[in-house]
Structure formats: C-alpha cells, structure tokens
Amino acid sequence: MDVEETDKEYRVTTELPGLEERDVEVLFQDGILTIRGEKKVEKDAGNRTFSERYYGRFERQISLDRDIDESTINATFRNGILTVTAPKSAQAVERTKRIPINVAGKSH
C-alpha cells in the first residue's frame, strides 16, 4: 500500500491481486479511510503441497486529514490495483502554509 499526499489530495494505492471490485469495500469516516475485503480460496486445496498465498478477510485503516471533501472521494479498481483519491476541502488547502527552510550560517 502506498499513501501519497499533495497540497490538494491524498492518493492511496493498494495492490489486490486476484480480487475483483466486488470483493473490496472502501469506507471513510471521521478522518479514517478503511479498505477491507476477503480473498476466497479459488479451488480445493486437497492437491496443494505448498502455498504462500494468503486467503481470508483483511482490513487496513489509514488516518487522513479530517478536512477531506467527502463528496468527491473516488475509488477505481483496475487490473488488481485499487486507487482511492481523497481531495482535501478548500478550507484545508487554504490553511496549508509552506515554511521556507533556511540554511544555517547563510542569510538571505
């Protein structure tokens, strides 16, 4: 899972190989983005002698800014990749202030 933040939005990208969009649920409440779902066993494991694949339910929660414009959160699923884009509200973008970094010993 990758979480990227810009001045205007958060972008969460999750690899979910072998899953379909119907197997995944995306929720946002009180500044928490939740991604959960279930990967079911594809076929009988009776002949399998070894497996490192994970099956079962999963859930991951990420704390984001509470100032998300909830009406414009977007989730897309393509080729096993889930991408959630959560734009920051106009107020949150306005409150963002870039702080200049000064190099010690140099004056500007």
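For the structure itself, consult the block above.
Residues numbered from 1 in each chain as written. Predicted model: local features only at pLDDT ≥ 70, side-chain atom pairs only at ≥ 80, totals over all residues. Heavy atoms only, no water.

It is worth spelling out the sheet that holds strand β4 (residues 32-39) at this point. Here we have three strands laid out as an open sheet, ordered β3-β4-β5, and antiparallel in their pairing. With partners counted over all chains shown, the strands left at the sheet margins are β3 (24-29) and β5 (56-63), one partner each. The sheet shows a mean angle of 15° between the axes of neighbouring strands, taken without regard to direction. The pairing of β4 with β5 spans eight bridges and is classified as antiparallel. Among the inter-strand pairings, Thr-34 is bridged to a residue of β5, identified as Gln-61. (Pairing = 2+ DSSP bridges. Helix = DSSP H or I, 4+ residues; strand = E, 2+ residues; numbered from the N terminus. Axes fitted to C-alpha atoms, helices over the stretch in contact; angles between N-to-C directions.)

What follows covers the environment of Gly-37. Mapping Gly-37 onto the fold places it in strand β4. Between the alpha carbons of Gly-37 and Leu-19 there is a distance of 9.0 Å; along the sequence they are 18 residues apart. In this view, Gly-37 contacts Asp-23, Val-24, Gly-56, Arg-57 and Phe-58; residues no more than four positions away in its chain are not counted. (Contact = heavy atoms within 4.5 Å.)

Read from one edge to the other, the open sheet built from four strands follows the order β1-β2-β7-β6, with strand pairing classed as antiparallel. The two strands at the open ends of the sheet, each matched to only one other strand, are β1 (2-5) and β6 (74-78). Each neighbouring strand pair of the sheet contributes to a mean axis angle of 15°, computed without reference to strand direction. Where β1 meets strand β2 (residues 9-15), four bridges bridge the pair, whose relative direction is antiparallel. Paired with Glu-4 across the bridge in β2 is Arg-11.

Residues Val-12, Val-24, Leu-33, Ile-35, Leu-64 and Leu-82 are the most contacted members of the largest nonpolar core, which totals 14 residues. Breaking this core down by element, the ones donating at least two residues are β2, β3, β4 and β7 (81-87). Broken down by element, this core gets its largest block of residues, three residues, from β7. What Val-24 contacts, discounting residues up to four positions off in sequence, is Leu-16, Leu-19, Ile-35, Arg-36, Gly-37, Phe-77 and Leu-82. (Core = buried A, V, L, I, M, F, W, Y, C linked by side-chain atoms within 4.5 Å. Buried < 20%, exposed > 50% of the residue type's maximum accessible area, 1.4 Å probe, protein only.)

In this model, Asp-30 sits at a positive phi of 50°, which is unusual for a non-glycine residue. Looking at the element boundaries, Asp-30 is found in the loop between β3 and β4. According to the relative accessible area criterion, Asp-30 is exposed, its value standing at 52%. Located in the positive-phi region is Asn-79, a residue other than glycine, with phi close to 50°.

Keep in mind these values describe shape, not function.
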